[in-house]
Amino acid sequence: MSAVCYACLRLLIKAVGRLCFRFQSVGQDLVPKQGGVLIAANHASYLDIPFLGIALRRRAAFLGRQDLFPIPGIHWLCRWLGWIPIRQNRLDREGFAKAINLIKEGQVVVIYPEGTRTLDGTLRPGKPGLGVIVAETGCRVVPAYIAGTYEALPTEATWVRFHPIKVVFGPPIDFSADATRLAGKEFFRHVSRTVMARIAELGQVPDPGVTSEPTEPDPASRSLNAE
């Protein structure tokens, strides 16, 4: 029953997407059909989650901050759909550990490396938590760029605008060789910079790592390495 409900909801969102947003997706075949994988995408709008979800051919779990859906009913529904809430400004070992376990079980997990929605539509530097998941699982990372969601529903907007939306996937990135020569914070930052650079290439937008980069690990990275 759960699979049927999910499939029906997916079809509904896809129909609305094509009708109202002229939704397109490119590169879905680049996402591995089996095995654990991490999808890393830019984050500009609440619309990123449903549109990335329908662009994927596999069901995925999504990492997102705990207060993303404060309404109890919606909160429960999103948890059921695969949302993994992450506490902000705290050491959230539990949330990231769940994502790691799902990948180890062969499932798809989506992360937004920027940590929160962009305020002006530009790509921001990624946080090292992305690298923590890669270090713990050895999984490949599929970069994705979501175009048009900022124009359709920016951070402070109260109404949705019917603007074209497109999701573009890139080839999977394998960090196994890098893991043999880098470790700890250096590896986390390398993964973050590399993935954000690929996302920028897909969107044909400026690479945020060219002018700035994270200098301190995010709380998630500290939580999983503070043994």
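Here the structure is shown first, and the text comes after it.
About the criteria used
Residue numbers restart at each chain and count upward from 1, following the sequence in its written direction. Local features are withheld for residues below a pLDDT of 70 in this predicted model, meaning they are given only at 70 or higher, and side-chain atom pairs are given and counted only at 80 or more; totals for whole chains, interfaces and linings count all residues. The basis for the side-chain values is all heavy atoms of the structure; hydrogens and waters are excluded. Only protein chains enter the area calculation, which uses a 1.4 Å probe; residues under 20% of their type maximum are buried, those over 50% are exposed, and those in between are partly exposed. A run of H or I in DSSP counts as a helix once it spans at least four residues, and a run of E counts as a strand once it spans at least two, with each numbered from the N terminus. Pairs of strands are assigned from DSSP output, requiring at least two bridges between the strands.

> Explanation requested: the pairing of strand β2 (residues 37-41) in the structure shown.
In summary, the side chains of a regular strand alternate between the two faces of the sheet. Burial analysis of β2 places five of its five residues in the buried class, the great majority of the element. Across the two faces of β2 the burial is the same, with V37, I39 and A41 and L38 and A40 all buried. In terms of strand pairing, β2 meets strand β5 (residues 108-111) through four bridges, oriented parallel. Across the sheet, the residue bridging to V37 is V108, located in β5.

> Any chance you could explain the pairing of strand β3 (residues 60-65) here in plain terms?
With six of six residues buried, β3 lies mostly within the body of the structure. What you see with β3 is no split at all: A60, F62 and G64 on one side and A61, L63 and R65 on the other are buried throughout. Sheet topology places β3 next to β5; three bridges connect them, and they run parallel. Looking at β5, one finds that A61 is bridged to V109.

> Would you take a moment to explain helix α2 (residues 48-55) for this structure?
Each α-helix winds once per 3.6 residues, and so residues spaced three or four apart point in a common direction. Of all eight residues making up α2, seven are buried, and the element is well covered by its neighbours. What α2 keeps buried is the set D48, I49, F51, L52, G53, I54 and A55.

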